[in-house]
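# Examining the three-dimensional arrangement
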Amino acid sequence: MTKYIFVTGGVVSSIGKGITTASLGRVLRSRGFTVAPVKLDPYINVDAGTMSPHQHGEVFVTEDGAETDLDLGHYERFMDVNCSAGSSVTTGKVYQSVILAERRGDYLGATVQVIPHVTNEIKRQIVQLAREQEADVVIAEIGGTVGDIESLPFLEAIRQMRKDMGYENTMYFHVTLLPQVGPWHELKTKPTQHSVIKLREIGISPDVLVCRTEVPIPDDVKEKISLFCDVPARGVIESLNVETIYEVPLRYEEAGLGELVVERLGLEDRGVKLGDWERLVTILKEPANRCRIGVVGKYISNGDAYKSIGEALIHAGIPNDCGVEVVWIDSERFEAGEEAAHVLAGLDGVVVGPGFGERGIEGKIEAVRYARESGLPYLGICLGLQMAVIEFARNVCGLDGANSEEMVENPSYPVIHLLPEQKHIRTKGATMRLGSWPCNVVHGTLAHRLYGENRIAERHRHRYEVNNDFREKLMEHGMVISGVSPDYRLVEMVEVPAHPFFIGTQAHPEFQSRPNRPHPLFEGLVEAALERKRTTTPTPETAPA
Ligand code: GLN
């Protein structure tokens, strides 16, 4: 029998429900359970693929090619699991399948309604995921904040699931905020009380309250929350701000959360193995080395737009015993006339990130040029590979005006062009080249040294590719194609061997990076960054007197 844990949020949004859900998953994984996470998102988009990163943050791509909410990235990184399309359930997806069923005549005779038809479909999708993943525990996070109109059908569905599955198989977590108010910075419980009242109105009484706070919660405040919110004292979990998000599972385990869940759901006590996790958190908190890596992008105004890249860089620091400071750089700065040398000064490495459309493109190309010419370690991701090819074509191969067909109509040298299978596609939703694709890695290249394998698989999300008509020209001038699709049709990785570390990938390696299994390309970048720092930082002997 699968157990179900539901995580809702109250008081304010952006309270860290995703990290809470992911950390709870880590706690249970470290106790030997199979966990299937799922995000229930109240928006009407069928998936996150059509939403702007400016508004919604990164679009996370699963192995099976679903374009999902960035919280799935947290789940994969903390729990070390691969999510699937079933791990993301949106209002749009639910309605799409209810309306299709209605047209097929599945409900013939019935008036199709939110309750029971929409709620049944939500429940069906959750239970189907449990079955597919043979999960001991499903953890379902409900997007939005209690009190939102949009999330009501989801809350009603999870309320019904206690009746369907039984008290002993279901648990409700509610994440709230304890603000500090007044001249004595008193911790206030009232918003939490109101949020629980709101939940109770819908028929849900939380078993656990995860209280976000900037200071430790005194015992009398915990007792007050327990009494007023009708939650057992050990169910009031303090969730203090911590130095690194990866510390959260350790704090939860310390607070007795693992034990509480195991007891309450009647799970077998298999002991806890968090030693490896503790070791990586120790390195993250006290690294022997430090480096600074810039990420050049155009969605910098939303701190979550390149979430997985930022995390992958942090993970890459772990095997290098290095704290990586990620510096976000708006590509338009280069276009506004700032010198690349000035914008990228003080960095030990640079990533040019993914993106769509022509805005900020010339800035990215300028960043590539500087990195290539100055020996600054460079990793290009998806659009970052395409920009590296354009820069090389223009400035090394002499192909003036080389560009991508995505950016200008009929460029003089279309070194990046539409994938042939994309030519006739007109609709935007879920129509890119998506999900995991195999790639052959060429012997003797940097890519081969880093991956240590002949055949790899990475996740993709793009419409354009390197134009094969220019492969030879690029190679003649010293660019190496180090990764190709198994049928040799698509360029997957390029590099410049004359440079200490210059590599681009058409894929999104950031989606496969985990703190306990950092990605080889990012690990290599940090290693090269440290090497550059060692060789360029003046030592007392080499410093001018
Ligand atoms: N816009 C480019 C393409 O569609 C790159 C996409 C990306 O960076 N994910 O090919």
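Everything below is about the structure printed above this text.
First things first, this report covers the structure right here in the doc. (Residues numbered from 1 in each chain as written. Predicted model: local features only at pLDDT ≥ 70, side-chain atom pairs only at ≥ 80, totals over all residues. Heavy atoms only, no water.)

On a plain count of helices and strands, the protein chain comes out with 19 helices and 23 strands. By principal-axis analysis of the C-alpha atoms, the protein chain measures approximately 70 × 70 × 45 Å. In the protein chain, which comprises 545 residues, the share counted as buried stands at 58%. Counting 57 positive and 76 negative side-chain charges, the protein chain places the averaged centre of each group 3 Å from the other. (Helix = DSSP H or I, 4+ residues; strand = E, 2+ residues; numbered from the N terminus. Buried < 20%, exposed > 50% of the residue type's maximum accessible area, 1.4 Å probe, protein only. Lys, Arg positive; Asp, Glu negative; His and termini not counted. Charge placed at Lys NZ, Arg CZ, Asp CG, Glu CD.)

What follows deals with the sheet that holds strand β16 (residues 402-404). Within the open sheet, the 3 strands sit side by side as β16-β17-β20. Their pairing is mixed. Looking at which strands have only one partner, the edges of the open sheet turn out to be β16 and β20 (464-466). Strand-to-strand twist across the sheet, computed as the mean angle between neighbouring axes with direction ignored, equals 30°. With 3 bridges joining them, strand β17 (residues 413-418) and β20 adopt antiparallel strand pairing. Looking across to β20, one finds that leucine 418 is bridged to tyrosine 464. (Pairing = 2+ DSSP bridges. Axes fitted to C-alpha atoms, helices over the stretch in contact; angles between N-to-C directions.)

Attention shifts here to the site of the ligand. Surveying the vicinity of the ligand reveals the residues Pro354, Gly355, Phe356, Cys382, Leu383, Gln386, Glu406, Arg461, His462, Arg463, Tyr464 and His508. Contact distances for the ligand include 2.7 Å between a nitrogen atom and a side-chain N or O atom of glutamate 406. In this structure, a nitrogen atom belonging to the ligand sits 2.9 Å away from a main-chain N or O atom of arginine 461. Contact with the protein chains hides 99% of the accessible area of the ligand, taken as 290 Å² for the molecule alone. If you list the elements that add at least two residues to the shell around the ligand, you get α16 (383-395) and β19 (455-462). Class assignment for the residues of the shell around the ligand results in 5 nonpolar, 4 polar and 3 charged. (Near = heavy atom within 4 Å. Polar contact = N/O pair within 3.5 Å; in protein donor to acceptor, adjacent residues only side chain to side chain. Areas by Shrake-Rupley, 256 points an atom, 1.4 Å probe, with all protein chains shown as cover. Nonpolar A, V, L, I, M, F, W, Y, C, P; charged D, E, K, R; others polar.)

The tally for this structure, following the rule as stated, stands at 39 salt bridges. Residue arginine 517 is joined to aspartate 80 by a salt bridge in which the shortest nitrogen-to-oxygen separation is 2.5 Å. Within this pair, whereas arginine 517 is found in the loop between β23 (502-505) and α19 (520-536), its partner aspartate 80 is found in the loop between α3 (71-79) and β5 (88-90), the two being separated by 437 residues in sequence. For aspartate 80, a relative accessible area of 18% gives the class buried. When salt bridges with common partners are traced through the structure, they connect Glu76, Asp80, Arg459, Arg514 and Arg517 into a single cluster. (Salt bridge = Lys/Arg side-chain N within 4 Å of Asp/Glu carboxyl O.)

Over its 14 residues, helix α4 (residues 91-104) runs 20 Å from end to end, which matches the ideal 20 Å to within 8%, given 1.5 Å per residue. By the burial criterion, the buried members of α4 are Thr91, Gly92, Val94, Val98 and Ala101. If you follow the buried residues of α4, they end up packed against β2 (35-41), β5, α5 (114-132) and α6 (152-165). Note on α4: the residue one or two positions beyond its end, glycine 105, has a positive phi of about 95°. (Expected span 1.5 Å × (residues − 1). Contact = heavy atoms within 4.5 Å.)

Moving on: the state of the cysteines. One way to say it: the disulfide is the covalent bond shared by the sulfur atoms of two cysteines. Taken as a whole and judged by the stated rule, the model has 0 disulfides. Cysteine cysteine 439 is unpaired, with the sulfur of cysteine 382 as its nearest cysteine sulfur at 13 Å. (Disulfide = S-S within 2.5 Å.)

Residue placement: serine 308 occurs in helix α12 (residues 307-317). Residue classification places serine 308 among the buried residues on the basis of a relative accessible area of 0%. Polar side-chain contacts of serine 308 include one of 2.6 Å to the side chain of glutamate 58. For serine 308, the residues in contact, after removing those within four places along its chain, are Glu58, Phe60, Arg77, Glu510 and Phe511.

In spatial order, the strands read β5-β2-β6-β1-β7-β10-β11; together these 7 strands make up an open sheet with parallel pairing. Looking along the sheet, the strands with just one partner apiece sit at the ends: β5 and β11 (236-240). Going from strand to strand, the sheet's axes swing by 20° on average, the running direction of each strand aside. The pairing of strand β10 (residues 208-213) with β11 spans 5 bridges and is parallel. Opposite leucine 209, over in β11, you have valine 236 as the bridge partner. Sheet strands in contact with helix α7 (residues 190-202) are β1 (3-9), β7 (170-177) and β10, and its direction is about 145° off that of β7. Taken strand by strand, helix α8 (residues 219-229) contacts β10 and β11, and its axis lies near 130° from that of β11.

Okay, the pairing of strand β14 (residues 349-352) next. Residues Gly349 and Val351 of β14 are buried on one face, and the alternating residues Val350 and Val352, pointing to the opposite face, are buried as well. In terms of strand pairing, strand β12 (residues 289-297) meets β14 through 4 bridges, oriented parallel. In the sheet register, valine 295 faces β14, and the bridge partner there is valine 351. Examined bridge by bridge, β14 and strand β15 (residues 378-381) share 3 bridges and lie parallel to one another. Considered in β15, the bridge of valine 351 is made with leucine 379.

The residue glutamate 406 is located in the loop between β16 and β17 in this model. In the structure, glutamate 406 is positioned 48 residues away from glutamate 358 in sequence and 7.3 Å away in space, judged by C-alpha atoms. Non-local contacts of glutamate 406, meaning those with residues more than four positions away in its chain, are made with Phe356, Gly357, Leu383, Gln386 and Tyr464. Side-chain polar atoms of glutamate 406 contact the backbone nitrogen of glycine 357, separated by 2.9 Å.

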